[in-house]
Every structure is written in C-alpha cells, then in structure tokens.
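# An overview of the molecular structure
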There are 2 protein chains.
Amino acid sequence: MRKEVIQLGILGLGVVGSGTVEVLRRNRESIERKIGARLEIRRIAVRDVNKPRRVAVDHSLLTNNAYDVLDDPQVDIVVELIGGVHPAKEYVLRALENGKPVVSANKELLAKEGADIMMAAGRRHLDFAFEGSVGGGIPIIQPMKNALAGNRIERVMGIVNGTTNYILTKMAEDGTDFEQALKEAQAQGYAEADPGADVNGHDAQYKIAILASIAFTARVRVDDVYCEGITKITRADMEWAKQLGYAVKLVAIAQEVSAKAVQVRVHPALLPLSHPLASVRDVYNAILVRGDAVGDVMFYGRGAGSLPTGSAVVGDIIDVSRNLLFGSGGRVGCTCFDQRYVVPMEQVETSYYVRMRVQDRPNVLAQVAGVFGVHNISISSVVQRQTSPQEAEIVWITHRAPEGAVRHAIAEIQRLPVVMEVCNTLRVEA
Amino acid sequence: MRKEVIQLGILGLGVVGSGTVEVLRRNRESIERKIGARLEIRRIAVRDVNKPRRVAVDHSLLTNNAYDVLDDPQVDIVVELIGGVHPAKEYVLRALENGKPVVSANKELLAKEGADIMMAAGRRHLDFAFEGSVGGGIPIIQPMKNALAGNRIERVMGIVNGTTNYILTKMAEDGTDFEQALKEAQAQGYAEADPGADVNGHDAQYKIAILASIAFTARVRVDDVYCEGITKITRADMEWAKQLGYAVKLVAIAQEVSAKAVQVRVHPALLPLSHPLASVRDVYNAILVRGDAVGDVMFYGRGAGSLPTGSAVVGDIIDVSRNLLFGSGGRVGCTCFDQRYVVPMEQVETSYYVRMRVQDRPNVLAQVAGVFGVHNISISSVVQRQTSPQEAEIVWITHRAPEGAVRHAIAEIQRLPVVMEVCNTLRVEA
C-alpha cells in the first residue's frame, strides 16, 4: 500500500538544518502535493536540546542522541546536516544499514568518504542525495546526473566558495587588502571566525572533487585536487589585474585531458572580464559545465546560506520521497564507473601572470625574458612600471606553458641579481 | 524481470531529431551504464524516407508511417520531435494510449495542448518529459520540477529565444537596423526563412507559458500571455538605450502578483547593464528563477541547435528509461494543481521608456510632462536632444506605473500639437 506520510529524521539544526525546517514549513502544502504524501518531521538530533534555535521547533522533537533518529523504525528518510567526517559517516552508514535513504549537504564527508557511502547505499538500493553539498541552492548535482547525463563532460569550472568571492570582490571594488576584506566578510557573517577552510581553498577543493567525480564518471579523491588559497593575493595584484583587463577569482576547475586523464585544481586565477565567471560578485557562486553536446551551460545563484541550502536539501527530500512512494530507491546511483588518472600540477598547462620587483636599469627585461625563453615559455604581454628611482615592477603574462616549466623558470629568475623579488605568480584562465 | 534493452521510437529526424540520434550514438556506452540497460533505436518515422539526412541512419530504421512507431509493441519510449500541434498531438496521445511514455521537445504542443496531454499521461501513470521544449540544452524544466520544488516561485524571467537575441545583439553592437540584423541571422542559420514565430515573440510566448505553468503550479494558457515582438525596435532606440545605460532584450516574464494572481508576458525591454540578463549575447539564452528560499538562480547556455537540444532530449530519455526500469513511470507528473488569474496587461506595473519627436520650442517639455502628471505617472529621467533647427527628440524614463495609465497618457500626448510623433514605448525592467 502506498505510504501516506513520510517521516523525516534530521541530524543537526544549525544554519542548514534550520533553513531546511523553515522551507519545509513555509511551503509544506505545495511540497506535499508535489510528492503526493504528507511530510512530517519525526525527530531532530542536536548536540544541545536547550540551545536557542533560529527556528522554533517543538521541544519534544529534539533529542541529543542521534541514534534516536537513526534507529527509529518510523523514520523514512534521514537528513544529515551536522557536517564534518566523523561522526557523520558513522551516522550515515547506520541509517543506510537500517534501510533508510539519506539526504546530506555534507561536502567534506562526500569528498572524503563518498566511495564508502555510495557503495553502502548502492548495495541496499537506497538513495543518497547531496544536492546541497555544492553551490548552496543552485541546482547542479541533479542536472549533471540527469538533464546533462547524455553528454561527455569536458570541463567543469566554477566559483564555488562564497566567502572568498566576497573577499575578492571587496578587494577589487573597494581597493582593500586581504586582511581588511576578510574582517568585513566576518562582520557580515560570510566568513567564520576561523576562515581557514574557505580562504585556503579546502571548501572549494571538496566541492570540485564531488563535481569532478560526477563529470568524469570516476572517483576523484580530495588528495588528488591541487589546492591553493587566496591569502597571498595583494592589493597590487588586484590593481594590475584590473589594469590589464582581468578579474581575480578563486576558481575550481575539473578538465578532461584525454580519455584516461583529467586535471582537477583550485586556485586563484585571472579571468578576462568577458569571461562568464568574471562578473560573478559577492557571495554568489556560478558553475560552468561544458558538455560535448550541450556546449557551455552555466548555473548561477547564492552558493550558501540557510534558506538557499535548505532549498537544495528540500529538493532532495522531494526526490527521495518520490522514490520511496514509487519503490524506486537507488534509481540514480553512483556513476563512478571508470578509473581516471589525475595529472600532477607540474604537467598542467595554462597561462601565467608573474609580478616581480627588479632593479630599474638597462637590460633587465631582456635578462628575465631570456630565462622564460630558455624554458620555452613564450610571452603574451609585459608591462614595466617604475616604482622608485632604482626600482621597477614588471608584470608578465605568458602564453600557455606547463606549470613545471614555469616553476623552474621562476626559481631561476629569482636567482638573477637584478631581480629583487618575484612577488606573485597567478594562473590566467580562459 | 528487469528489462535489458530499451527501444526508442523516434518521430522526426530534422534538426533536433538528428541531434538526438547523434548524442545517443556518441555517448552510447556511458549513457547505457548510467541507465543500467542497453538503448536501441527501433524505428524512426520521417516524412520522406529518401531525403538526405544530417546523420547517417540505417535505411531499414526509417518509415514514413508514424503508426509504425506508435503501434509497435516493441517500442518502449516514443520521442516526438516533429514540432507543431497537429498531428503531433494525435501521435502523442496514441503513444500514451498504447502505454508508452513520451519524450518531446515540442513547445507549441505543450503550451497549447499541455492540459490534455498531461492528463492523458497522468491517467496511465506514464511519463511525458519535455526538457528540450525550453532553453535548448539548458536544464530548466527538470530543475524547476525537482531541485527547486521546495520553493514558492516568485518570478521567472528569461531570454528564451536565441534568434531575437542574436538580432538585438547585432543591432546593439554593430549599429545595424532590424532588417539588416535579421538578414545576418538568416545567413547564419539562426533565423528561419519565415522568421515570424521568432521576431513576433510567439516562440518565447510558448516557452514562458510552459515555465509559468510549472512555476505557479497552475495552467497558464498561451492566450493569456501578452506578446509583443522586436520588429519595432529601431537603431535610434538602441542608441538611446546604450547612452542611458541599458541593454534592449526580448524578455519573457512570469511574475507572481498575489496568491491568486500572476502576470505573464513577452516583450522587448530595457535592462540596466548590471542586470544578469543584460550581458547575455548572441544566440545564448538565460533564465532567472526567483524562489522564496533560494533567491535568484540563473541558468545559461545555448538555447537552440541540434546537439544542445539533442542533449536535453537524451537527458529526458535517460530519466524516462530509469523510470521504466524501476517501474516508477509518472513519478513526476503534472503539477498544475491551482487556478491562478492572469492579470491583464493594462494592470501590469512597470517602468517605461518613451521616445518622441517634438517641435523644438519653449514649454514643450512642460506640456508633455503635464500629461504624464495628470495620469499619475512620475518621471525618473528625461533627456532632450535637438535633431534639426525645428525639431527635438525627447526620451522619458518613467517610474513604475500601470500600463493602462501609460497607454492613456501616450494617446493624449500624441494629440498635443507640439508633438510630432511618439516613436516608441518600451518597458524598463529591473
């Protein structure tokens, strides 16, 4: 007999948890009609049942024991919103062992332990849905697994971290330095007190590992994703970029190199102002997916926040509920069928922006250019600006060259007596 | 027993049909693994079996009798790609009567006869999927029906016709007039020999009727969609718009007015250059969806073409195949649960751009402004430019005002002896 009520067990009532509860409440009637059954929140596990909450919930729903949710036979779907790897992984596996499908917005868990979890879900033909793990409320996981599934995905490139995009936008538009922009982001609630995971690129690293695994139908491990944060971007880099016609963004890129090889990386990059990602401002996210049939499609919106991420989680709850009602659990399972080799960063080819302080005297440009030449790196443009009577700043934009060659060239350039400092090297993407 | 082969019957092998066949062929192995079954093209019905084709297909697959496809008990899914209302509607209903789910990219059919078709599909718990009907390869129908389904949709606003966007881009960037830009679009293959459905806005009208019906969970009939094309946009309007900081785009808008009322319309509009849709160029499409939880999300990509639309059709084939294998046909059905009133255009409130030729003498501005004032229309900005010793052009940008009031004011202004001509009136959107 068809179920008439679907009961949800929620783990975690923080930012995403309260957004999820709020969305479910607000649009309950419409959601229930779309599913064709009633939705009820059966139990919510929290660390402290007495903590004040962003949403008012009946105190009797709360428990501080996750197993009251996981082991409750009445719970039809477990919604994991506690974040982190442990004990989230143990909770998710327990839910699956108990035959319950899981909805999660946990990027770190998925990026690090996705293989185990997808396998456990697959064995039992249970759904494990994770739209909220990337891009907040922006639909991206479901479209890649469904509407775009007829494509061979050639590239995924995105701005997937709102905090760093806010900081870079502030730096670019207000001329503030990194520290100041970070403080503003913290004051606005866009950055955590400990901003490491965001500004060092790890949050983006988790997300691109997830997207790459779907895009390339092959498990991409977090450790294989090259990761560089935005902390070394200075006001000077921002000014030069603007002058040269570029925006500076933290990009996450997953690119097919051949049938067997891919590259996956997170780092700041200069993007030409005409690039679709260049105009993505503030905490917004955007993800560009290139398929062999569809060409470039872009998904844009708020990449984080309570209600946007709640929207994604509720979308998954609707999807999983439909599968429960139709007995079609595991309908869209893991698609990591292939083994693909992740090319080491040294072999990745891209263009580079190199900014250096040099002595302002004849022949310096030629000496530096000579080193680039020896390493087979050709130059697209170079601009020199005198900064003091004895000193000049030079910014080079190279043509595409392998990262390894560029690193060697930079090391050699740094040893030139006329070069005082190579201040920064940033990749330039198209 | 689980099916091992899913057999497709295709109606039509034109632009979209051949793109669909091409995508299925190219990525067959990967698609079959994602589904978990083999996919075979069983039969393709075409008007003329001897016509040369864009894709090479085995001649034995072709038939000029659609019923060879529709009535073949081996056909599992019917893919309708012939376009138009008749006989497409009869074919689709026959397929459904025969118990076959249908994938279609037919916007006109869906916009005009969607109610009958969705009802026929619903009665038999069969899928009717139509991702390809709007936005070419851009995922938009599936995301609205799934990932965003937890939201109350407040607005859908899009550039959904590539032909007109190409024409307007040419006019804006190259300073050509409408006729010239249309010729270029035809030469590029972006416009039909008979471009009426595109330039008069009907193509966009069908698409926004479909999107509005999903967004508002209420059937929006094509006849309720106000529709105005781009043929009256002149070079002068383009120049003024640029000077004032706007782009001119053909926009399709579906907006919630209240719980009971919506507005749905297609017309050219001035968009501030900072608007996310303002920078959508050439044949690209973009659709902005505003949900109460997710905020604004945007979907961007190629809105037409053989392979992009083929990508969407194949995405639907994958989705429907999964439902066949899991016995979950009709899993996501029609969601037009509500009745909503479509507000007549006279009551729609927006801002307006009004360009007029006037006699260049004192007090003219005051006279015209007086008429606006009498109709309670306040002015945001006004620019006057002398065009000859006796003549000037004035462009007004109003604040928000009901369309009815603006129409009355314009009629009255046209009767002023000092006004030679009201050249154009265009809406300004934010």
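Predicted model, so just to flag it, every value in this text is computed and none were measured. (Residues numbered from 1 in each chain as written. Chains lettered and ligands numbered in written order. Predicted model: local features only at pLDDT ≥ 70, side-chain atom pairs only at ≥ 80, totals over all residues. Heavy atoms only, no water.)

The next point concerns unusual backbone geometry. In this structure, Pro87(A) follows His86(A) across a cis peptide bond, with omega equal to 5 degrees. Examined against the element boundaries, Pro87(A) turns out to sit in the loop between strand S4 (77-80) and helix H4 (88-97). Located in the positive-phi region is Asp282(A), a residue other than glycine, with phi close to 55 degrees. Among the secondary structure elements, Asp282(A) is positioned in the loop between strand S10 (261-272) and strand S11 (284-291). The backbone phi angle of His125(B) is positive, close to 55 degrees, even though this residue is not glycine. Positionally, His125(B) belongs in the loop between helix H5 (107-123) and strand S6 (128-129). (Helix = DSSP H or I, 4+ residues; strand = E, 2+ residues; numbered from the N terminus.)

Now for the relation of the copies chain A and chain B. With an RMSD of 0.0 Å, the fit of chain A onto chain B corresponds to turning through 180 degrees and sliding 0.0 Å along the axis. Read as a symmetry element, the transformation amounts to a two-fold axis. Closest approach to the rotation axis within chain A is made by the C-alpha atom of Phe299(A), at a distance of 2.5 Å. Comparing contact sets, 100% of the residues at the interface of chain A also lie at the interface in chain B, consistent with an isologous, same-surface contact. (Least-squares fit on C-alpha atoms with pLDDT ≥ 70 in both. Contact = heavy atoms within 4.5 Å.)

On to the sheet that holds strand S4 (residues 77-80) of chain B, then. Residues and elements named next belong to chain B. Strand order in this open sheet of six strands is S3-S2-S1-S4-S5-S6, and the pairing throughout is parallel. A single partner strand is all that each edge strand has here, and the edge strands are strand S3 (62-63) and S6. Sheet strands in contact with helix H12 (residues 306-326) are strand S1 (5-11), strand S2 (38-45), S4, strand S5 (102-104) and S6, and its direction is about 160 degrees off that of S4. (Pairing = 2+ DSSP bridges. Axes fitted to C-alpha atoms, helices over the stretch in contact; angles between N-to-C directions.)

Let us look at the interface of chain A and chain B. The interface is formed by 50 residues belonging to chain A together with 50 residues belonging to chain B. In total, chain A and chain B occlude about 4,300 Å² of area from one another, counting both sides; carbon and sulfur atoms represent 53% of this. Here chain A and chain B share six salt bridges between them. For Asp292(A), the salt bridge goes to Arg26(B), with nearest N and O atoms at 3.3 Å. For the pair chain A and chain B, the number of links is 24 residue pairs in polar contact (both at pLDDT 80 or more). Put simply, the parts of the chain that give the side of chain A that touches chain B at least two residues each are helix H1 (15-26), helix H2 (28-35), helix H6 (141-145), strand S12 (295-302) and helix H12 (306-326) of chain A. Among the elements that take part in the side of chain A that touches chain B, H12(A) stands out by supplying 10 residues, more than any other. Note: S12(A) against strand S12 (residues 295-302) of chain B, three bridges, orientation antiparallel. Note on S12(B): the bridge partner recorded for Met298(A) is Tyr300(B). (Buried area = accessible area lost by both parts, 1.4 Å probe. Salt bridge = Lys/Arg side-chain N within 4 Å of Asp/Glu carboxyl O. Polar contact = N/O pair within 3.5 Å; in protein donor to acceptor, adjacent residues only side chain to side chain.)

Mapped onto the secondary structure, Tyr284(A) falls in strand S11. Along the primary structure Tyr284(A) and Lys145(A) are separated by 139 residues, whereas in three dimensions their C-alpha atoms are 23 Å apart. Ignoring anything within four residues of it in the chain, the contact list for Tyr284(A) reads Ile159(A), Asn165(A), Tyr300(A), Gly301(A), Arg302(A) and Asp296(B).

With that settled, consider the domain arrangement of chain A. Residue and element names in this part refer to chain A. Segmentation of chain A into domains returns domain 1 (5-136 + 306-326), domain 2 (141-302) and domain 3 (345-428). Between domain 2 and domain 3, the residue contacts involve 17 residues of the former and 17 residues of the latter. When domain 2 packs against domain 3, close to 1,600 Å² is buried across both sides, 60% of that on carbon and sulfur atoms. As a salt-bridge pair, Arg-355 and Asp-237 come within 2.7 Å of each other at their nearest N and O atoms. Summed over the shared surface of domain 2 and domain 3, the result is nine residue pairs in polar contact (both at pLDDT 80 or more). Of all the secondary-structure elements, those providing two or more residues to the side of domain 2 that touches domain 3 are helix H11 (235-244) and S10. Take the side of domain 2 that touches domain 3: its biggest share by element is six residues, from S10. (Domains from an automatic or database assignment.)

Right, let's talk about the pattern of salt bridges for a bit. Residue and element names in this part refer to chain A. Per the stated rule, a full pass over the model turns up 68 salt bridges over all chains. For Lys-170, the salt bridge goes to Asp-174, with nearest N and O atoms at 3.2 Å. Highlighted residues: Lys-170 and Asp-174, both in helix H7 (residues 162-174), separated by four residues, approximately one helical turn. A relative accessible area of 45% means that Asp-174 is categorised as partly exposed. Salt bridges linked by common partners bring Glu-228, Lys-232, Glu-346, Glu-403, Arg-407 and Arg-427 together as one network. (Buried < 20%, exposed > 50% of the residue type's maximum accessible area, 1.4 Å probe, protein only.)

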